[in-house]
Amino acid sequence: MTILVTGGNGKTGSILCKLLHSANVPFLIASRSGKAPEPFKAVTFNWLDPTTYENPFQADPNIDKIYIVGPDNVFEQLPYVRPFLELAVSKGVKRFVALTSTQSQPGDRPTGVIHQVLLDLNVEFTVLKPTWFIDNFATMFYTSIRENNEIVTTSGNGKVPFIAAQDIAEAAFKALTADKTLQEEFLILGPELHSYDEAAHILSTVLGRTITHRHISVEEKTQILSHFLSLEYAAYLADIEHKIAAGSEEKFLEEADNKKFVGKRTLLQFFQDNRNLWIK
């Protein structure tokens, strides 16, 4: 049997594929390009192009599990997610592992709709709900750190249990390869709480130059994000980032152990491992 990995060339999917390969678990990468690093196999799949939905099952009729990462930068995901998941069930897929977020509830846009569809289909699934990615410092904040020595957020002094993509991938691997899963969800959290002010200080010590955290308004952050996203999606992200200031993320570390998966990788470790990214 085979695991289909959507977003297989992305942050978590690419790491998941390495874990599956090391464990000799058969898998197929679904990507817009239909390409993957050697020796992995890939098939052309585009959430926004329903004509590609059949491709994975034609390439490998033995697909019985799917790792779901919804369409990139799309706020209204339901028109794409539901038809594909319904097709997957009709093709004999038995288990789904989906990536949403800590702030996402079933039916919520953008990613909570995936959770709701899985409930509607009454299938075996695990929903992984990660907090903010450590890896955002190497992507979302890469240019501002490298060029302007600053991190810009609406989060105030609120704290986050930042999670590494590696840890998320490990949680996905466990859910996909477990003997059995029920209809369950897990918060995916890092081992430490840090504000962005503290993150900037840690990164400063690693880089040997001062990195600051610039506090801005939701409106300002929405404007920044609207250069890359729809205005609705930009406003959503700016708002949930601002909720960090009121403790929206730090409270999750107090959840019962059976409701969360706590990773091992810390901010300091990530900054040390990736130090050269931000060296001018």
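Residues numbered from 1 in each chain as written. Predicted model: local features only at pLDDT ≥ 70, side-chain atom pairs only at ≥ 80, totals over all residues. Heavy atoms only, no water.

### Digging into the sheet that holds strand 12 (residues 260–262)
(1) Moving on: Across the sheet, eight strands lie side by side as 3-2-1-4-5-6-9-12; this open sheet has parallel pairing. Two strands close off the open sheet at either side, each with one partner strand: strand 3 (42–44) and strand 12. Direction aside, the axes of adjacent strands within the sheet are offset by 25° on average.
(2) Moving on: Here strand 4 (residues 63–68) pairs with strand 5 (residues 95–99) via four bridges, running parallel. Across the sheet, I68 pairs through a bridge with A98, a residue of strand 5. (Pairing = 2+ DSSP bridges. Helix = DSSP H or I, 4+ residues; strand = E, 2+ residues; numbered from the N terminus. Axes fitted to C-alpha atoms, helices over the stretch in contact; angles between N-to-C directions.)

### Some points on the packing of aromatic side chains
(1) Moving on: Applying the stated criterion to the full structure yields 19 aromatic pairs.
(2) Moving on: Seen in terms of ring centroids, F137 and F162 are 5.5 Å apart; in terms of plane orientation they differ by 65°. Their pairing is edge-to-face. In this pair, F137 is assigned in the loop between strand 6 (124–130) and helix 5 (142–148) and F162 in the loop between strand 8 (159–160) and helix 6 (165–177), connecting sequence segments 25 residues apart. Take F137 and F162: they sit in the same class, and that class is buried.
(3) Moving on: Aromatic pair F271 and W278: ring centres 5.8 Å apart, planes at 85°, arrangement edge-to-face. (Phe/Tyr/Trp six-rings, centres within 6.5 Å; stacked < 30°, edge-to-face > 60°. Buried < 20%, exposed > 50% of the residue type's maximum accessible area, 1.4 Å probe, protein only.)

### Some details on the packing of helix 1 (residues 11–22) against helix 6
(1) Moving on: Where helix 1 meets helix 6, the closest approach of the two axes is 8 Å, and the angle between their N-to-C directions is 55°. It follows from the interaxial angle that helix 1 and helix 6 lie oblique. In this structure, helix 1 crosses over helix 6, and the sense of that crossing is right-handed. In this structure, helix 1 contributes K11, T12, I15, L16, L19 and L20 to the contact, and helix 6 contributes A165, Q166, I168, A169, E170, A172, F173, L176 and T177. (Parallel < 35°, antiparallel > 145°, perpendicular 65-115°, else oblique. Left-handed = near helix turned anticlockwise from the far one by under 90°. Contact = heavy atoms within 4.5 Å.)

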